[in-house]
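# Inside the fold
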Amino acid sequence: NKLGGAAKLVVAVAVFLLTFYVISQVFEIKMDASLGNLFATKPPRYKCGISKACPEKHFAFKMASGAANVVGPKICLEDNVLMSGVKNNVGRGINVALANGKTGEVLDTKYFDMWGGDVAPFIEFLKAIQDGTIVLMGTYDDGATKLNDEARRLIAELGSTSITNLGFRDNWVFCGGKGIKTKSPFEQHIKNNKDTNKYEGWPEVVEMEGCIPQKQD
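Remember, predicted model here, so these are calculated numbers, not experimental data. (Residues numbered from 1 in each chain as written. Predicted model: local features only at pLDDT ≥ 70, side-chain atom pairs only at ≥ 80, totals over all residues. Heavy atoms only, no water.)

## Topic: the nonpolar core
Val96, Phe122 and Met137 are the most contacted members of the largest nonpolar core, which has 24 residues in total. The set of elements that each furnish at least two residues to this core consists of β4 (93–100), α3 (120–128), β6 (133–140), α4 (149–156) and β7 (171–177). Beyond its immediate sequence surroundings of up to four residues, Met137 is in contact with Met63, Ile94, Asn95, Val96, Phe122, Leu126, Ile155, Leu158, Trp172, Val173 and Phe174. Grouped together as the second largest cluster of nonpolar side chains are 18 residues, Phe61, Met63, Ile134 and Cys175 included. (Core = buried A, V, L, I, M, F, W, Y, C linked by side-chain atoms within 4.5 Å. Buried < 20%, exposed > 50% of the residue type's maximum accessible area, 1.4 Å probe, protein only. Helix = DSSP H or I, 4+ residues; strand = E, 2+ residues; numbered from the N terminus. Contact = heavy atoms within 4.5 Å.)

Structural data, given as structure tokens:
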């Protein structure tokens, strides 16, 4: 009868599961791991959540500019969030993180208000950066109004191309280095343009990720 058949099936399944359990205990097969791998392969997570692993002797980084004047920028290096709204160490203007080019260790984080502030402390800060330092910069709200030619030249010397035409409320992220001698490949810039702006008065967020070569002796 149907009930008998169903009971036999239940017993058969129970015996199978019990057998599988005993075998798995004997061979130390982790049931959850095996079944998990069968049904879902979890994509690997790379440092800072970047899309692929960096080669050896490279530092992973990911960064984003601020969103309008609401959400601050975010700078991550080697899986360490150096600056963000959550860390409460970002502000209007240009946000800068410095790291050791050999070890990736964070040296300093600061922001300079380029709307209501003074450019002089920013220039002093830029001049004091040591050779071999990784420099990561991101704008928030407005990073350009108070910039003068000297500040722009010092940032260009770190490898920036866009700094010469960074304008009011443009969004910009940049990663360069002191003593780089070339133009950095790590730079994104979106102009503030009322016809294309995503937010009222501001362009969309710019994001960037990559792998910075470790400084060799």
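## What about the packing of aromatic side chains?
Considering all chains together, one arrives at five aromatic pairs under this definition. Ring plane angle 50° and centroid distance 5.0 Å describe the contact between Phe112 and Phe125, whose orientation is recorded as tilted. Taken as a pair, Phe112 in strand β5 (residues 106–112) and Phe125 in helix α3 lie far apart in primary sequence, 13 residues in all. Side by side, Phe112 and Phe125 carry an identical accessibility label, which is buried. Here the aromatic cluster, defined as three or more aromatic residues joined through ring pairs, consists of Phe112, Phe122 and Phe125. (Phe/Tyr/Trp six-rings, centres within 6.5 Å; stacked < 30°, edge-to-face > 60°.)

## Notes on α4
Every buried residue belonging to α4 is among Ala151, Arg152, Leu154, Ile155 and Ala156, and all of these are buried. In this structure, the buried residues of α4 make contact with α3, β6 and β7.

## Structural notes on the state of the cysteines
With the rule as written, the count across this model stands at two disulfides. What pairs with Cys48 in a disulfide is Cys76, and their sulfur atoms sit 2.1 Å apart. Across the disulfide from Cys48 to Cys76, rotation about the S-S bond amounts to roughly -85°, and the bridge is consequently left-handed. Of this pair, Cys48 sits in the loop between α2 (31–39) and β1 (58–64) while Cys76 sits in strand β2 (residues 74–77), placing them 28 residues apart in sequence. In this structure, Cys48 and Cys76 share a single accessibility class: buried. The disulfide that involves Cys54 links it to Cys211, with 2.1 Å between the sulfurs. Judged by the sign of its S-S torsion, about -85°, the bond between Cys54 and Cys211 is left-handed. One end of the pair, Cys54, is in the loop between α2 and β1; the other, Cys211, is in strand β9 (residues 207–213), with 157 residues separating them in the sequence. (Disulfide = S-S within 2.5 Å.)

## Side note on the sheet that holds strand β8 (residues 187–190)
Read from one edge of the open sheet, five strands run β5-β4-β6-β7-β8, paired in antiparallel fashion. Each edge of the open sheet is held by one strand with a lone partner, namely β5 and β8. When the angles between neighbouring strand axes are averaged without regard to direction, this sheet yields 15°. Set on the sheet, α3 makes contact with β4, β5 and β6; between it and β5 the angle comes to about 160°. (Pairing = 2+ DSSP bridges. Axes fitted to C-alpha atoms, helices over the stretch in contact; angles between N-to-C directions.)

## Describing the pairing of β5
Every other side chain in a regular strand lies on the same face of the sheet, so the side chains alternate between the two faces. The pairing of β4 with β5 spans six bridges and is antiparallel. When the bridges of β5 are listed, Ala97 appears paired with Thr109. The loop that links β4 with its antiparallel partner β5 comprises five residues; one of these, Gly104, has a positive phi angle of about 80°.

## Considerations on the side chain of Ser84
By secondary structure assignment, the location of Ser84 is in the loop between β3 (80–83) and β4. Looking at Ser84, its side chain comes within polar contact range of the main-chain nitrogen of Lys87, at 3.1 Å. Excluding residues within four positions of it along the chain, Ser84 makes contact with Pro73, Lys74, Asn89 and Val90. (Polar contact = N/O pair within 3.5 Å; in protein donor to acceptor, adjacent residues only side chain to side chain.)

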